Amino acid sequence: MTPSEFARTELAAMLEKTATANVDRLAALRSLLDAAAAALAAESGVEDAQNELGFIARNLGDDEDYSFMRP
């Protein structure tokens, strides 16, 4: 299992739990993003986490090439 597959599986499980725990799904996603960003910064440093989050934000759309591949 790749790290991406692992993360997506865990995310799906967490989102299923939001319904049974009566937790707002969007709020849970935002909180997870905040927790993941903090954990990434703790592991790799704030600057690396900022760069990674910026890259992800710039490339959210599935219908476009990654920004570094665009002309």
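Calculation rules
Residues numbered from 1 in each chain as written. Predicted model: local features only at pLDDT ≥ 70, side-chain atom pairs only at ≥ 80, totals over all residues. Heavy atoms only, no water. Helix = DSSP H or I, 4+ residues; strand = E, 2+ residues; numbered from the N terminus. Areas by Shrake-Rupley, 256 points an atom, 1.4 Å probe, with all protein chains shown as cover. Patch = residues over 30% accessible without salt bridge, like charges linked within 9 Å, V, L, I, M, F, W, Y side chains within 5 Å. Salt bridge = Lys/Arg side-chain N within 4 Å of Asp/Glu carboxyl O. Buried < 20%, exposed > 50% of the residue type's maximum accessible area, 1.4 Å probe, protein only. Axes fitted to C-alpha atoms, helices over the stretch in contact; angles between N-to-C directions. Parallel < 35°, antiparallel > 145°, perpendicular 65-115°, else oblique. Left-handed = near helix turned anticlockwise from the far one by under 90°. Contact = heavy atoms within 4.5 Å.

It is not clear to me how the overall build of the chain should be interpreted in this structure. Could you clarify?
On a plain count of helices and strands, the chain comes out with three helices and zero strands. Along the chain, helices (α) and strands (β) appear in the sequence α-α-α when read from the amino end. Accessible surface computed for the chain: about 6,000 Å², of which carbon and sulfur atoms make up 57%.

What is the right way to read a nonpolar patch on the surface from this model?
A cluster of nonpolar side chains, contributed by Leu 11, Leu 26, Leu 29 and Leu 32, occupies part of the molecular surface with about 290 Å² of accessible area. Of all the elements, helix α2 (residues 25–44) adds the most residues to the nonpolar patch, at three residues. Inspection of the secondary structure puts Leu 32 in helix α2. Accessibility expressed as a relative area gives 34% for Leu 32, which makes it partly exposed.

Is there a simple way to explain the packing of α2 against helix α3 (residues 46–58) in this structure?
Helix packing for two helices is described by the angle between their axes and how far apart those axes are. Running from N to C, α2 and α3 point in directions that differ by 135°, and their axes come no closer than 7 Å. In terms of orientation, α2 lies oblique with respect to α3. Judged by the twist between their axes, the crossing of α2 over α3 is right-handed. On α3, the residues touching Leu 33, Ala 37, Leu 40, Ala 41 and Ser 44 of α2 are Val 46, Asp 48, Ala 49, Glu 52 and Leu 53.

I keep staring at unusual backbone geometry and nothing clicks. Help me out?
Among all residues save glycine, negative phi is the norm, and among peptide bonds the norm is trans. Of note in this structure, Asn 22 is not a glycine but carries a positive phi near 55°. Looking at the secondary structure, you find Asn 22 in the loop between α1 (3–20) and α2. Among the residues examined, Asn 22 registers a relative accessible area of 72% and is labelled exposed.

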